[in-house]
Amino acid sequence: MSKEEKKVNRRDFLFTASYTVGAVGVGAVIWPMIDQMNPDKAQQALATTEVDISNIDPGKSITVLWRGKPVFLKRRTPEEIAEARAVNMDDLPDPQKDEERVKEGKDEWLVMLGVCTHLGCVPLKDKGDFNGWFCPCHGSHYDVSGRIRKGPAPTNMEIPKFEFVDNNTIKIG
Amino acid sequence: MSEHEYTPKSKAGKWFNDRLPLLTLGAHLTDYPTPKNLNYWWTFGGILTFCLITQIVTGIVLAMHYVAHADLAFASVEHIMRDVNYGWLIRYIHSNGASMFFLAVYIHIFRSLFYGSYKSPREVIWIIGLMIYLLMMAAAFMGYVLPWGQMSFWGATVITNLFSAIPLVGDSITTWLWGAYSVDNPTLNRFFSLHYLIPFLILGLVVLHIWALHVPGNNNPVGIDIKKPSKDTVPFHPYITIKDAFALLVFMIIFAGFVFFTPNVLGHSDNYIPANPLVTPAHIVPEWYLLPFYAILRSVPDKLGGVILMFSAIFILFVLPWLDTSKVRSAVFRPIYRQFFWILVIDVLMLGYVGAMPAEGIYLVLARVGTIYYFLHFIVVMPVVGYLEKTDPIPMSISEPVLTGGTEPSLARKVNDKV
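## Quick look at the overall build of chain B
Here is step 1 of the chain: Looking only at helices and strands, chain B features 16 helices and two strands.
Here is step 2 of the chain: Expected size for 419 residues packed as a compact globule is a radius of gyration near 22 Å; at 24 Å, chain B falls within 12% of this value.
Here is step 3 of the chain: With respect to the principal axes defined by its C-alpha atoms, chain B has extents near 70 × 60 × 45 Å.
Here is step 4 of the chain: Relative to its 419 residues, chain B shows a buried fraction of 49%.
Here is step 5 of the chain: Put simply, 78% of the contacts in chain B that link residues at least 6 apart link residues at least 24 apart.
Here is step 6 of the chain: A total accessible area of about 20,700 Å² is found for chain B, and carbon and sulfur atoms account for 72% of it.

Below you can see the structure in the form of structure tokens.
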């Protein structure tokens, strides 16, 4: 298009229109081929899990499966809560208060995705230098609030969306 | 083929092309001199390539969700239909795609029969094409087994039992095919494996098919040899590509019509009943594209005879280039053969129809008449008509009938001239 006065003619219009319709058509065919790899309805149906927590004693924890991943439910003792809240924010690679990681009034319940934020292994409980979890894969140490303290993991262990259905039941997801 | 040397313009292109001449290949495919009178019957090669790619892509996707196990296969297909994102669309494209593939291949084969494309020097193209066709039938049959419905199971049982007709070793071969003492989980597993393999074998044969085509170049509606490149040819791109693209679009509209409006019309409702080894459906029919051969099988009141005749119906096509004695390729200039050609078309359609009907009464009679004509056509009609027929005058070139407004006898070649 070196000449300024070259007019847009019928043929240019037809080319552009054809390519546009063609591109929309190709896109409409490619999208289902891509979207079919996303979680299907059977997977989406597993999106929530209800857990009975009446049998968990203070200081103990259980692990449940949610969306194919482990979720740690820990009933913390008052000493452990106090320990978690005494930590100086400057000592945390990913600063976050313990209060932000639990539901208000249910401070003893830590509900946390049991997946190391480094490369996805499951950390071991009651291990590591901070009285919390330790990931054996690449040596990440988490504290009693599940926050990263030492090692290659970039962030604290994730808190999933959850709610208390009643005093004895938690619904995750 | 144009033999001019292609040199890439860019330095990087030249460097790469010296090491792997892909750009030369690309230039060859673009410039490839094509007869300028190719009609729409010649667009089915491109359409078939599209069909193959569609089947491979949708098939790979379906394999991500399908489970090849006798207890789970049926449920996994329903899972694809109900749960997987766009699973219904992908499966319907794949199942109707098989039918569209055969529709296109039958038109392609009959085009070759009408215009004599199988004749010298294109016998190898023809034979490779038939090998593709055989593999297509194997792939389609095994694919139909995978949903593990009633038609899947009993279709597999009937077809594998064909091999039990072989004297002495028949039963051993059938058991070997099954990997069990009936069609069972091992059969399903191996069919899935082979169903995944065959399309890639077809893809390889398609490359050979096109390679073999590019040696003599395309046949054309008047069936004469032409100089390439010359006034009788046009470059493949853009002249043929745009014509192929238009035909493909029309084909895709019909394809989409099936997928979106009547996705199950070509299938059989019994295949939505899970496979049951204890109950055979009242009326077993193969998919429509296998019906003519099914009719031939059932027309013979003898197990081994029926099987032999059915396989012969396909294998006789391999020697077709040597059964046809006519020196003229295109049926346009063969007034007698042309009529027999249409009789063959009607014969095959009729065999397809009676193949879908119960094997009794008038249908059995029609199947026998149809079968006899089918073989007579190839064994008697083709050699004899080719020998006795007085053909019409053949034009000297493709341009000539266009420029002179018809086939002037004075300008035409005599049949005995070298064509």
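## Observations concerning the domain arrangement of chain B
All names here are of chain B.
Here is step 1 of the chain: Under the domain assignment, chain B is made up of domain 1 (23–266 + 275–284) and domain 2 (287–403).
Here is step 2 of the chain: The straight-line distance from the C-alpha centre of domain 1 to that of domain 2 is 22 Å.
Here is step 3 of the chain: Across the contact, 47 residues belong to domain 1 and 44 residues belong to domain 2.
Here is step 4 of the chain: Counting every contact that joins domain 1 to domain 2 gives two salt bridges.
Here is step 5 of the chain: The partner of lysine 119 in a salt bridge is aspartate 324, and the shortest N-O contact between them spans 3.0 Å.
Here is step 6 of the chain: Contributing elements (two or more residues each) for the side of domain 1 that touches domain 2: α5 (87–115) and α6 (123–145).
Here is step 7 of the chain: With ten residues, the top contributor of residues to the side of domain 1 that touches domain 2 is α6.

## Brief notes about the pairing of strand β2 (residues 61–66) of chain A
All names here are of chain A.
Here is step 1 of the chain: As paired strands, β2 and strand β3 (residues 69–75) are joined by six bridges and run antiparallel to one another. By the bridge assignment, leucine 65 is partnered in β3 with proline 70.
Here is step 2 of the chain: Hairpin geometry of β2 and β3 is characterised by an intervening segment of two residues between the two adjacent antiparallel strands and by a positive phi of about 55° at arginine 67.

## A closer look at the state of the cysteines
Residues and elements named next belong to chain A.
Here is step 1 of the chain: Applying the stated rule across the entire model yields one disulfide over all chains.
Here is step 2 of the chain: Covalent S-S linkage joins cysteine 121 and cysteine 137, the inter-sulfur distance amounting to 2.0 Å. Around the S-S axis, the bridge from cysteine 121 to cysteine 137 shows a dihedral of about -100° and counts as left-handed. With cysteine 121 in the loop between β4 (109–113) and β5 (124–127) and cysteine 137 in the loop between β6 (131–135) and β7 (140–143), the pair connects residues that are 16 residues apart, well separated along the chain.
Here is step 3 of the chain: By relative accessible area, which is 22% here, cysteine 121 ends up partly exposed.

## A word on the interface of chain B and chain A
Interfaces are often described in size by the accessible area the parts lose on coming together.
Here is step 1 of the chain: Between chain B and chain A, the residue contacts involve 13 residues of the former and eleven residues of the latter.
Here is step 2 of the chain: Carbon and sulfur atoms supply 62% of the area that chain B and chain A bury against each other, a total of about 1,000 Å² over both sides.
Here is step 3 of the chain: The largest share of the area that chain B buries against chain A comes from B:Asp83, B:Asn85 and B:Tyr86, three residues that together contribute 48% of it.
Here is step 4 of the chain: One can count zero salt bridges joining chain B with chain A.
Here is step 5 of the chain: Counting across the chain B and chain A interface gives six residue pairs in polar contact (both at pLDDT 80 or more).
Here is step 6 of the chain: At three residues, helix α3 (residues 44–63) of chain B tops the list of elements feeding residues into the side of chain B that touches chain A.
Here is step 7 of the chain: Across the side of chain B that touches chain A, the residue classes break down as seven nonpolar, four polar and two charged.

## Let's talk about the environment of A:Val165
Here is step 1 of the chain: As for its position among the elements, A:Val165 is in strand β9 (residues 162–166).
Here is step 2 of the chain: With residues near it in sequence (within four places) discarded, A:Val165 still touches A:Glu50 and A:Lys171.

## Details of the pattern of salt bridges
Residues and elements named next belong to chain B.
Here is step 1 of the chain: Across all of its chains, the model carries 13 salt bridges over all chains by this definition.
Here is step 2 of the chain: Close ionic contact of glutamate 78 with arginine 82 constitutes a salt bridge, the shortest N to O distance being 3.1 Å. Taken together, the positions of glutamate 78 and arginine 82, both in helix α4 (residues 73–82) and four residues apart, correspond to about one turn of that helix.
Here is step 3 of the chain: According to the relative accessible area criterion, glutamate 78 is buried, its value standing at 17%.

## Comments concerning the packing of aromatic side chains
Here is step 1 of the chain: Evaluated as defined, the whole model comprises 31 aromatic pairs over all chains.
Here is step 2 of the chain: For the pair B:Tyr32 and B:Phe236, a centre-to-centre distance of 6.2 Å together with 55° between the ring planes defines the contact as tilted. Taken together, the residues B:Tyr32 in the loop between α2 (22–31) and β1 (33–35) and B:Phe236 in helix α10 (residues 236–261) connect sequence positions 204 residues apart.
Here is step 3 of the chain: Residue classification places B:Phe236 among the partly exposed positions, given a relative accessible area of 25%.
Here is step 4 of the chain: Residues B:Tyr374 and B:Phe375 carry aromatic rings whose centres are separated by 5.5 Å and whose planes lie at 75° to one another, so their mutual orientation is edge-to-face.
Here is step 5 of the chain: Overall, the relative accessible area of 7% leaves B:Tyr374 in the buried class.
Here is step 6 of the chain: Here the aromatic cluster, defined as three or more aromatic residues joined through ring pairs, consists of B:Trp42, B:Phe110, B:Phe114, B:Tyr115, B:Phe341 and B:Trp342.
Here is step 7 of the chain: Sitting above the plane of the A:Phe162 ring, A:Lys103 keeps its charged end 4.4 Å from the centroid.
Here is step 8 of the chain: Residue placement shows B:Lys243 over the ring face of B:Tyr40; its charged tip is 4.6 Å from the ring centre.

## A word on the sheet that holds β5(A)
Residue and element names in this part refer to chain A.
Here is step 1 of the chain: Read from one edge to the other, the open sheet built from four strands follows the order β5-β6-β7-β8, with strand pairing classed as antiparallel. The open sheet is flanked by β5 and β8 (148–150), the only strands paired with a single partner. Going across the sheet, the axis of each strand differs from the next one's by a mean of 40°, ignoring polarity.
Here is step 2 of the chain: Both β6 and β7 contribute to a ladder of four bridges, which runs antiparallel. Note on β7: the bridge partner recorded for tryptophan 133 is tyrosine 142.

## Quick notes on the environment of A:Cys135
Residue and element names in this part refer to chain A.
Here is step 1 of the chain: Looking at the element boundaries, cysteine 135 is found in strand β6.
Here is step 2 of the chain: A residue is classified by how much of its surface remains accessible, and cysteine 135, at 2% relative accessible area, is buried.
Here is step 3 of the chain: Separated by 107 residues in the primary sequence, cysteine 135 and alanine 28 have C-alpha atoms spaced 44 Å apart.
Here is step 4 of the chain: Apart from the residues within four sequence positions on either side, cysteine 135 is in contact with Cys116, Cys121, Pro123 and Ser140.

What counts, and where the lines are drawn
Residues numbered from 1 in each chain as written. Chains lettered and ligands numbered in written order. Predicted model: local features only at pLDDT ≥ 70, side-chain atom pairs only at ≥ 80, totals over all residues. Heavy atoms only, no water. Helix = DSSP H or I, 4+ residues; strand = E, 2+ residues; numbered from the N terminus. Rg over C-alpha atoms; globule rule 2.2 N^0.38 Å. Buried < 20%, exposed > 50% of the residue type's maximum accessible area, 1.4 Å probe, protein only. Contact = heavy atoms within 4.5 Å. Areas by Shrake-Rupley, 256 points an atom, 1.4 Å probe, with all protein chains shown as cover. Domains from an automatic or database assignment. Salt bridge = Lys/Arg side-chain N within 4 Å of Asp/Glu carboxyl O. Pairing = 2+ DSSP bridges. Disulfide = S-S within 2.5 Å. Buried area = accessible area lost by both parts, 1.4 Å probe. Polar contact = N/O pair within 3.5 Å; in protein donor to acceptor, adjacent residues only side chain to side chain. Nonpolar A, V, L, I, M, F, W, Y, C, P; charged D, E, K, R; others polar. Phe/Tyr/Trp six-rings, centres within 6.5 Å; stacked < 30°, edge-to-face > 60°. Lys NZ or Arg CZ within 6 Å of the ring centre and 35° of its normal. Axes fitted to C-alpha atoms, helices over the stretch in contact; angles between N-to-C directions.

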